Amino acid sequence: MDTPLSPSATPASRAFADHLDLMFGTGGRLVKDEPHVKVWRCAEGSARYFRKQYLRYGDIDLSFWTHREFTLLNELKSRRLGHVQQYRGIRDLGPEGQQLETWDAGPDGDQWQQVPVARDGHRLAHPFMECGHWFGLGRWLLAALDEMHALGFVHVDLKADNFCLPTQSLGTAGDGYPDRIRLQWDELKLIDFAFSLWEKRLPLDEDNPLPIGRSAFRYQSEQLLAALGTKHSPPAPDLDLMRKLDWRVDLYSLGFVLGQVLREVEKRCLPEDGNWGWTEKRRDQGRQLLDSLQGWDRGWERPAPTERPHGALIELLDRLLGEDDLAASLAGEWKIARDANWRPQDASVRTPPTVPALRRRGAARSPAPVAPSPVPPPKPAPASPPPSPPLKKGGEGGFRTDEGAKNPPRPPFLKGGSAWLLVLIVGAALGAGAYAVWKEGQHPPPAPRPEPAPPPAPVVVTPPAEPRTYLTVRATPASAQIRIMNIGPAYRDGIELAPGDFDLQVSAPGYQTYRAWHTLAAGTREVAITLQPAAPEHPAFEVFRDRLSDGTRGPAMVVIPGGEFQMGSPANEPERNSDERQHGVRVASFAMGQYEVTFEEYDRFCAATGREKPSDDRGWGRDRRPVINVNWNDAMAYAEWLSQQTGKQYRLPTEAEWEYAARAGMTTPFWTGRCVTTDQANYDGNYGYGSPDCGAKTGVYRQKTLPVDSLQPNPWKLYGTMGNVWEWTCSQYAKDYDGPELKCAEKDTDGSRVLRGGSWGSGPEWLRSAARNLYIPRTGNDNAGFRLARTL
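Residues numbered from 1 in each chain as written. Predicted model: local features only at pLDDT ≥ 70, side-chain atom pairs only at ≥ 80, totals over all residues. Heavy atoms only, no water.

K.L.:
Before we move on, could you go through the overall build of the protein and cite the residues and values that matter?
P.N.:
For the protein, the helix and strand inventory stands at 16 helices and 33 strands. Here the protein holds 792 residues, and the buried ones make up 51% of them. Residue pairs at least 24 apart in sequence account for 69% of intrachain contacts in the protein once pairs closer than 6 positions are excluded. (Helix = DSSP H or I, 4+ residues; strand = E, 2+ residues; numbered from the N terminus. Buried < 20%, exposed > 50% of the residue type's maximum accessible area, 1.4 Å probe, protein only. Contact = heavy atoms within 4.5 Å.)

K.L.:
Hey, could you go over the packing of helix α7 (residues 247-268) against helix α8 (residues 280-294) for me, with residue numbers and the actual values?
P.N.:
The interhelical angle for the contact between α7 and α8, taken along N-to-C directions, is 155 degrees, at an axis separation of 8 Å. Overall, the two elements α7 and α8 adopt an arrangement that is roughly antiparallel. Crossing angle aside, the handedness with which α7 passes α8 is left-handed. In this structure, α7 contributes L251, Y252, L254, G255, F256, L258, G259, L262 and E266 to the contact, and α8 contributes R283, G286, R287, L289, L290, L293 and Q294. For the contact of α7 with α8, the class distribution of residues is nine nonpolar, four polar and three charged. (Axes fitted to C-alpha atoms, helices over the stretch in contact; angles between N-to-C directions. Parallel < 35°, antiparallel > 145°, perpendicular 65-115°, else oblique. Left-handed = near helix turned anticlockwise from the far one by under 90°. Nonpolar A, V, L, I, M, F, W, Y, C, P; charged D, E, K, R; others polar.)

K.L.:
I'd like to hear about the sheet that holds strand β3 (residues 47-54), residue by residue, with values.
P.N.:
Reading across from one edge, β1-β2-β3-β7-β6 is the order of the five strands in this open sheet, with antiparallel pairing throughout. Of all the strands in the sheet, the pair left with one neighbour each is β1 (29-33) and β6 (87-92). Averaged over all adjacent pairs, the angle separating strand axes in this sheet is 20 degrees, with direction ignored. The pairing of β6 with strand β7 (residues 98-103) spans five bridges and is antiparallel. In the strand pairing of β7, I90 is matched with L100. (Pairing = 2+ DSSP bridges.)

K.L.:
Can you lay out the environment of L718 for me, pointing to particular residues and giving the numbers?
P.N.:
For L718, the location among the structural elements is in the loop between α16 (655-663) and β29 (726-732). For the pair L718 and E596, spaced 122 residues apart in sequence, the C-alpha separation works out to 9.1 Å. If we ignore the near neighbours within four places in the chain, the residues touching L718 are V558, I560, M592, G593, Q594, A661, P713 and R787.

K.L.:
Lay out the packing of aromatic side chains with the relevant residues and their values.
P.N.:
Within the structure shown, the criterion is met by 27 aromatic pairs. Seen from their ring centres, Y54 and F195 are 5.9 Å apart, and the 55 degrees between their planes marks the pair as tilted. Here F195 lies in the loop between β14 (189-190) and β15 (197-198) and Y54 lies in strand β3, a separation of 141 residues in the sequence. Here Y54 falls in the buried class, since its relative accessible area comes to 4%. Given the relative accessible area of 5%, F195 is considered buried. Aromatic side chains F605 and Y638 sit 5.5 Å apart centroid to centroid with 75 degrees between the ring planes, which places their arrangement in the edge-to-face category. You can see F605 sitting in helix α14 (residues 599-609) and its partner Y638 sitting in helix α15 (residues 632-646), a full 33 residues away along the chain. (Phe/Tyr/Trp six-rings, centres within 6.5 Å; stacked < 30°, edge-to-face > 60°.)

K.L.:
Please give an account of the pairing of strand β12 (residues 167-172) that cites residues and values.
P.N.:
Pairing between β12 and strand β13 (residues 178-183): five bridges, direction antiparallel. What sits directly across from S169, in β13, is I181. Here β12 folds back onto β13 in antiparallel fashion, the turn holding five residues, of which G176 has a positive phi close to 90 degrees.

K.L.:
Describe in detail the packing of helix α4 (residues 131-150) against helix α9 (residues 310-321), supporting the description with residues and values.
P.N.:
Across the interface, α4 lies against α9 with an axial gap of 10 Å and an inter-helix angle of 155 degrees. Taken together, α4 and α9 sit at an angle that is classed as roughly antiparallel. Crossing of α4 against α9: the hand is left-handed. In this structure, α4 contributes G132, F135, G136, G138, R139, W140, L142, A143, L145, D146 and H149 to the contact, and α9 contributes H310, L313, I314, L317, D318, L320 and L321. Counted by class, the contact of α4 with α9 contains ten nonpolar, five polar and three charged residues.

K.L.:
Requested: an account of the state of the cysteines, with residues and values cited.
P.N.:
Throughout this description, disulfide means a covalent bond between two cysteine sulfur atoms. Counted according to the given criterion, the structure contains two disulfides. Shown here is the disulfide that connects C675 with C694, its sulfur atoms set 2.0 Å apart. For the disulfide bridge between C675 and C694, the dihedral angle about the S-S bond is near 75 degrees, and by the sign convention the bridge is right-handed. Linking C675 in the loop between α16 and β29 with C694 in the loop between α16 and β29, this pair joins segments that are 19 residues apart in sequence. What makes C675 buried here is its relative accessible area of 18%. Its relative accessible area of 37% is what places C694 among the partly exposed residues. With its sulfur 2.0 Å from that of its partner, C730 forms a disulfide with C744. (Disulfide = S-S within 2.5 Å.)

K.L.:
Run through the pattern of salt bridges, naming residues and quoting values.
P.N.:
Overall, the coordinates contain 43 salt bridges when judged by the stated rule. Across the pair R29 and D18 runs a salt bridge whose closest N-O atoms are separated by 3.3 Å. Here R29 is found in strand β1, whereas its partner D18 is found in helix α1 (residues 11-24), with eleven residues between them in sequence. Taking relative accessible area as the criterion, R29 reaches 21% and is therefore assigned partly exposed. On the basis of relative accessibility, which here comes to 26%, the residue D18 falls in the partly exposed class. For R756, the salt bridge goes to E659, with nearest N and O atoms at 2.8 Å. Linking R756 in strand β30 (residues 753-756) with E659 in helix α16, this pair joins segments that are 97 residues apart in sequence. Of the two residues, R756 and E659, neither departs from the other in class, the shared state being buried. When salt bridges with common partners are traced through the structure, they connect D579, E655, E659, R663, R756 and R772 into a single cluster. (Salt bridge = Lys/Arg side-chain N within 4 Å of Asp/Glu carboxyl O.)

K.L.:
Outline unusual backbone geometry, supporting the account with residue identities and numerical values.
P.N.:
P477 follows T476 through a cis peptide bond whose omega is 5 degrees. S691 connects to P692 through a cis peptide bond whose omega is 5 degrees. In this structure, P692 sits in the loop between α16 and β29. A positive phi is found at D192, a non-glycine position, where the angle reads about 65 degrees. Positionally, D192 belongs in the loop between β14 and β15. Here D623, not a glycine, exhibits a phi torsion of approximately 45 degrees, which is positive. Following the sequence through the fold, D623 ends up in the loop between α14 and α15.

K.L.:
Can you tell me about the sheet that holds strand β28 (residues 650-651), naming the residues and giving the values?
P.N.:
Strand order in this open sheet of five strands is β23-β24-β27-β33-β28, and the pairing throughout is antiparallel. The sheet is open, and its two edges are formed by β23 (543-544) and β28, each paired on a single side.

K.L.:
Which residues make up the nonpolar core, and what values go with them?
P.N.:
Ranked by internal contacts, the top residues of the largest apolar core, which has 69 residues, are W134, F135 and L190. Per-element tally for this core: the top contributor is α4, with eleven residues. (Core = buried A, V, L, I, M, F, W, Y, C linked by side-chain atoms within 4.5 Å.)

K.L.:
Break down the side chain of D603 for me, with residues and values.
P.N.:
By secondary structure assignment, the location of D603 is in helix α14. Of the residues examined, D603 reaches a relative accessible area of 13% and is grouped as buried. Of the polar contacts made by the side chain of D603, one reaches the side chain of R622; its length is 2.9 Å. The residues touching D603, leaving out its near neighbours within four places in the chain, are K613, P614 and R622. (Polar contact = N/O pair within 3.5 Å; in protein donor to acceptor, adjacent residues only side chain to side chain.)

K.L.:
So what's going on with helix α10 (residues 324-331)? Residues and values would help.
P.N.:
Those residues of α10 lying buried are L326, S329 and L330. Looking straight down α10, one finds its buried side chains confined to an arc of 100 degrees; they lie on one side. For α10, the exposed residues set more than 90 degrees away from the buried face come down to D324 and A328. Elements that come into contact with the buried residues of α10 comprise β8 (117-119), α4, α8 and α9. (Arc of directions from axis to C-beta.)

Structure (structure tokens):
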């Protein structure tokens, strides 16, 4: 902790100080330490950020979900959503996995619900018990979900510790932590997107179902429970249903978060406390809001309505929060009540934990390598509250969610009844099992009696180790790709091999490929290979088309002459990112696709190979529009097929080649200069570039792709290098530019691949020549396509 406690500090004050440190402290600490995930708090100057890592333990590997969350956050960032946590980047730890770094978004909802506050001589267990703050919480969470749901995103795991609400500090106490605060509602952020879904396109399969907790089902809707398999015995995730989860599951969870607080209010809010803005009418309105949120989950077997209720509910909440007393309360300040007898409330009762799925379907469970410490038996579930009084039909202030029936029936968790009883029974059974395991751990079996020492082991003569050779290839140019063609493992410097004959291939764009057999004896071996420049096949900037095996012509290619340039962006470039370190790069001559690969071209490949054609589910059309919904592996397969058809080496461009060709000799942010307009590129013209805006904010937002030759080319005859669709490169992402930008990654190499150029849905800053994006190779969506490169 940052502030040491005196030896005389009571357990209550020590717990309070520790909780305030979690919310407002600036030092580094491990804030979450579980077998499947760890979270560290870090600091950079005065700014806090967090590192999060999903882990492999036992036979369970959740490390994939670290990168999956980064992919989702990256996509959300490119859509410029206001209520989504911002990320710093992702750290590659090699064999140990990856860590996601995110900027601090403020204390989370669960932390806020453990901080008593006071105002006007009255005290509350936490701010959300006040009427205006309760409705405000619902209003801004709805607004955050509305942003996501409009784009086809579903959070899936919404609960109190998965949203953050920062505060404005109006004064500090003696320990340095805030003493007087005001909640910053406009800054509410959703966090924890590892299990979120986006237009059902991110990969979910037998090895990667959503590892969301199946036992913590109080905040999960019927739709989500069915997908997780809790209605089956034994549990088995329904991947088809999981891919169909929609916004209804988030509204149900939002209703649960608000419903917990409302029941707490109804139990604790007394007239002598001043009612905190709660009148009978407002309580009734609160219950109706919960009905409106959770009622949508009934009938989940049917497709969700195309008209979502978010906007109408937000409008009604704004009207309610505009009433004088609630508006004043929402904008007012609080005093943190530092009672010496204060203790954190039991968070496990307030917010069910997310427990990873500990078993894949059909796989046996194996023990974790390190036994976890004993867990105390869970407290029994609280008794179901008495049924709420019947809702008034009609009346002033009722919440409508559509043009039909007003105030639909309340879901079981508010009414009691058999469904709630079933939850209690299942919860009790799970609790009893957990208690039995815990109790057994408290009383370990007696140690066995010592056995007589075994006889001495026989002497074993170890045979001499087999001879090995350690190979390093020194290639010129240094960017050349090295392969050993007659073995499976990928080449690396100092690779360990059995002595023998090896087929070496060294290749680089603009050079003649070297291939020869080498006989290697035991020991450390170095082989020096210098590639010879290839004779130019076409003059610079010539547009040509190779012939396919059936005599037809392939895609249009432009010859890009070799040269040197400064890759990345200078420190003073507006809206640059931290992964754009500027450095000198030399690129050999190669050919670049004049256009992005079109549906027409890619569909021909699918027809010839029997491959399924990518979807154009947006209804924008195919033909000369850029192909979308293709991932990195799809693009590589197309390039390989084209290579077979033409006898030439087609591929994706390296990241360095892409930027070199897109800049077309320019050093400014765009090839058009220091600004771009929607007459020059297809992007979201509702946003500007620079401060003040250079003129990029035109108000034109086409919201779809354009045919690949719709707008003007850059000076090197390349169309669409700014906007339209993000374009895959063949390079693996490296934040610090330490070499992968100069070469193509092998197909079986782990890690993200770089995309360049921005898309129809991007702001202008993503169209800069230096701007970088990244996806995992099996991710495809409606704003990503590719263009080809060809070795000369």
